[in-house]
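# Coordinates in review
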Amino acid sequence: GDSVTQTEGQVALSEEDFLTIHCNYSASGYPTLFWYVQYPGEGPQLLFRASRDKEKGSSRGFEATYDKGTTSFHLRKASVQESDSAVYYCALRSGGSNYKLTFGKGTLLTVTP
Amino acid sequence: EAAVTQSPRSKVAVTGGKVTLSCHQTNNHDYMYWYRQDTGHGLRLIHYSYVADSTEKGDIPDGYKASRPSQENFSLILELASLSQTAVYFCASSWDRKDTQYFGPGTRLLVL
C-alpha cells in the first residue's frame, strides 16, 4: 500500500537557520504530494501541494519539489522564525479514483529565538 | 475560508460507554472525513462520506461507526469505548475527492 516516510521526531533550530525535513514516498501510479502544518491546538492546514514531476510547491517561504526519480518531496526553508514552530506532515493522495490522504508520522519543528 | 467545527473539544469517557463526536461544516462540501491522530502514527482515516445518509469505511474502522444525517453534519460514534481509542480526532471536509481537505480543530478524547 501507499506510505510516507518523513524525518522522525523533532527538529530543533535557532531563528534564521536553514530547515530541511525529508519526505520519501511509496505509491502506485502518480500521486499528488502535500505538506500540511499543524499549530498547537489546531487542525492540520495545507501548506502547499504538487501534482507533477519537477513541480515546485511553495508558501510562506517554505518550498518543496516533486521528484519522481527519487520519490521525494523534501520541505525546505532558508531562514526559519520562531512562529514556524509547529508539526509538519508530508502526505500523498494516489491517482485514479482514490480519495484518501496517507500521512507521514509528522515532524515537530521547534525554533528558538 | 473553509469552516469546520467540532464538538466537544475535549471529552473524558469511561471504558464501555458510548461516545459521540460531532462535526459541522458550513461550506457545502460533499466529502467529509474522520481521522484519528496518535503520537508516532500521524493521521489515519476512520470513516468518510460523500453524500448525506451514506458512509464508507476508511483504513481503521473497527470499533467506530459514522453517521451523516445532512450535508453539513458528520458524527463519529464509539458504541463501546476502549482505552485504545484515547486519541485526538479530526474531522475534515472537501468539495470532492481530489480537492484540498480542510480540517477542524480536533477533539481530544481520553478513555479511562
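Scroll up a little and you will see the structure.
Residues numbered from 1 in each chain as written. Chains lettered and ligands numbered in written order. Predicted model: local features only at pLDDT ≥ 70, side-chain atom pairs only at ≥ 80, totals over all residues. Heavy atoms only, no water.

## Quick look at the overall build of chain B
Heads up, the rule is: In DSSP terms, a helix is any run of H or I states spanning at least four residues, a strand is any run of E spanning at least two, and both are numbered starting from the N terminus. Computation of the radius of gyration draws on C-alpha atoms alone. For the globule rule, the value is 2.2 Å times the number of residues to the power 0.38. For accessible areas, the Shrake-Rupley method is used with a probe of radius 1.4 Å. Any residue's cover is judged against the shown protein chains and nothing else. For the purpose of counting charges, residues Lys and Arg are taken to be positive, whereas Asp and Glu are taken to be negative. His and the chain ends are not included. To locate a charge, the coordinates of NZ of Lys, CZ of Arg, CG of Asp or CD of Glu are taken.
Within chain B one finds zero helices and 11 strands. In sequence order, the secondary structure elements of chain B are arranged as β-β-β-β-β-β-β-β-β-β-β. Relative to a compact globule of 112 residues, whose C-alpha radius of gyration would be 13 Å, chain B shows 13 Å and is just as compact. By its C-alpha atoms, chain B is 35 × 30 × 25 Å across when sized along the principal axes. For chain B, the accessible surface area stands at approximately 5200 Å², while carbon and sulfur atoms represent 50% of it. In chain B, the 11 positive side-chain charges and the 11 negative ones have mean positions that sit 7 Å from each other.

## Re the pattern of salt bridges
Residues and elements named next belong to chain A. For clarity, the threshold we go by: By salt bridge we mean one thing: a side-chain nitrogen of Lys or Arg within 4 Å of a carboxyl oxygen of Asp or Glu. Each residue gets one of three labels from its accessible area relative to the maximum for its type: buried under 20%, exposed over 50%, partly exposed in between, using a 1.4 Å probe on protein chains only.
If you walk through the whole model with that rule in mind, you get eight salt bridges over all chains. A salt bridge links D53 to K54; the shortest N-O distance between them is 3.4 Å. Under the relative-accessibility criterion, K54 is labelled exposed at 56%.

## Here's the deal with the interface of chain B and chain A
The line we're drawing: Here, two residues are considered to be in contact whenever any of their heavy atoms come within 4.5 Å of each other. Accessible area that two parts lose when put together, with a 1.4 Å probe and added across both, is what the buried area reports.
Contacts between chain B and chain A engage 21 residues on the former and 19 residues on the latter. Carbon and sulfur atoms make up 50% of the area that chain B and chain A hide from each other, which totals about 1600 Å². When residues of chain B are sorted by the area they lose upon contact with chain A, B:L43, B:R97 and B:F103 head the list and together hold 29% of the total. The tally of links from chain B across to chain A stands at one salt bridge.

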